[in-house]
Amino acid sequence: MDDAPPPAATDAETDASEGSASPARLARFHLDPVGGIAGDMFAAALLDARPDLSDGLQGALAGLNLPPSVDIAIDPHRDKALAGVRFNVEAPSDGGHGHVRLAEVRARLEAARIEPAVRKRALAIFTLLAEAEGAVHGMDPAEVTFHEVGAWDATVDIVAAAHLIEAVGPARWSVGAIPLGSGRVRCAHGLLPVPAPAVVLLLRGLATHDDGIAGERVTPTGAAILKHLAPDPAPAKEPETLVGTGTGFGSRVLPGLSNVLRVLEFAPVTPAVQQEQVAMLRFEIDDQTPEDLALGLDRLRARAGILDVLQWPAYGKKGRIVAAVQVLAEADALDAALDAVFDETTTLGVRWSRVARSALARETAWHSDALGTVRVKRARRPAGTVTAKAELDDLAGSAGHAAREERRRDAEAAALRRGGND
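Residues numbered from 1 in each chain as written. Predicted model: local features only at pLDDT ≥ 70, side-chain atom pairs only at ≥ 80, totals over all residues. Heavy atoms only, no water.

### Some thoughts on the nonpolar core
Next, step 1: Counting residues in each nonpolar core, the largest one holds 65 residues, and the members touching the most others are L31, F42, F87 and W173.
Next, step 2: Per-element tally for this core: the top contributor is helix α6 (residues 152-167), with 10 residues.
Next, step 3: Dropping the residues within four chain positions of it, F42 is found in contact with L31, A161, I165, W173, I225, L229 and L261.
Next, step 4: Counting residues in hydrophobic clusters, the runner-up holds 19 residues, among them L281, L297, A329 and V341. (Core = buried A, V, L, I, M, F, W, Y, C linked by side-chain atoms within 4.5 Å. Buried < 20%, exposed > 50% of the residue type's maximum accessible area, 1.4 Å probe, protein only. Helix = DSSP H or I, 4+ residues; strand = E, 2+ residues; numbered from the N terminus. Contact = heavy atoms within 4.5 Å.)

### What to know about the sheet that holds strand β6 (residues 171-175)
Next, step 1: Strand order in this open sheet of 6 strands is β2-β3-β13-β14-β1-β6, and the pairing throughout is mixed. At either margin of the open sheet sits one strand with a lone partner, and together these are β2 (71-78) and β6. When the angles between neighbouring strand axes are averaged without regard to direction, this sheet yields 25°.
Next, step 2: Taken together, the 5 bridges between strand β1 (residues 27-32) and β6 define a ladder with parallel strand orientation. Looking at β6, one finds that F29 is bridged to W173.
Next, step 3: Lying on the sheet, helix α2 (residues 39-49) is in contact with β1, β2, β3 (83-90), β6, β13 (240-249) and β14 (260-268); it crosses β13 at an angle near 130°. (Pairing = 2+ DSSP bridges. Axes fitted to C-alpha atoms, helices over the stretch in contact; angles between N-to-C directions.)

### Here's the deal with unusual backbone geometry
Next, step 1: Cis geometry marks the peptide bond from V194 to P195; its omega dihedral reads 0°.
Next, step 2: Relative to the assigned elements, P195 resides in the loop between β10 (190-193) and α7 (197-202).
Next, step 3: For N65, which is not glycine, the phi dihedral falls at a positive 55°.
Next, step 4: Among the structural elements, N65 can be located in the loop between α3 (54-62) and β2.
Next, step 5: A positive phi angle, close to 60°, is found at K318, a residue other than glycine.
Next, step 6: Position of K318 among the secondary structure elements: in the loop between β16 (306-315) and β17 (321-330).
Next, step 7: According to the relative accessible area criterion, K318 is exposed, its value standing at 78%.

See the structure below:
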């Protein structure tokens, strides 16, 4: 259980916006459980909203070392009312039940060729399931035997959910009222009431409702994914722009209602030009080797609160060539920036001032492909257009200029499609 990361809603509050004195504002994904929620419905809804994530997901699932008999299909689907996506996993069943413990699940995930962050999320979701089942049956979570959830199809659903949560990047999550369903469901323990006891524990604290349609509406996998996301049931308090939507179908057919989970993607609304205060530090260096100065300035750039570091050649006393350096820092990081300058360079004095600057509202979008995740800086111009620039460091894994250019264009185009030129 020590491997579990913080919930997605809280561990992602980092650099959704840059260079701003105000806290970062994040994208929000709202889950609308029209028919309910299950692991396959969650994956399908996100893939419908973000088809650019499909290649990366299939690459991750290929690293699971699945048995040859497991077949995964991501297909368009429609019923009489709606169109969307089905995420279908056909896996061999052992009388309908898998029989594995948390340690075996952990071993499966450790052997898989998937990103460490995805592995941690998947294991965190399984751990939440084990804790809920253990509480229901009065057992240590480590001793809980997964039955239906231990089968390969559930493993694929959970790893797919973990990958997609990572791939969309830092975000807030919210969820509408969840249909509880009613009746009985047959499982390895016999007939259980709907919602299943473990599902009840996982949904604690979330809004629910009864729409009069019986049957299992929330699966244990779907409930554990929700618990991991720690969604906020309250409406957004600040203006947002709706930038995407997706519809994920479940396998059941409900009477008079589409069995879908809908996801709505929102981007924060920010003014095109923001006013802020920054600290400007300036000094010259004439007695530090270029190699050591370059290293010192790189270390300055990596310091928290430092926004930018520039240098250029200038003429100093007696016609000597010196390195003129300018450091921009967050206003409240001035003292720390001064200390860092004196630590990393040979200068004996620094001129500084607090200055105003105007900056375009900007945010970081994440694009996932078969080679990994690329961060893309997205800025909105006063005329309303949106520009995008991929981070070169994230393209370094591609060999050759042409390959890097292709990934850059794909990532920037995807970021523009999601951000929109509205």
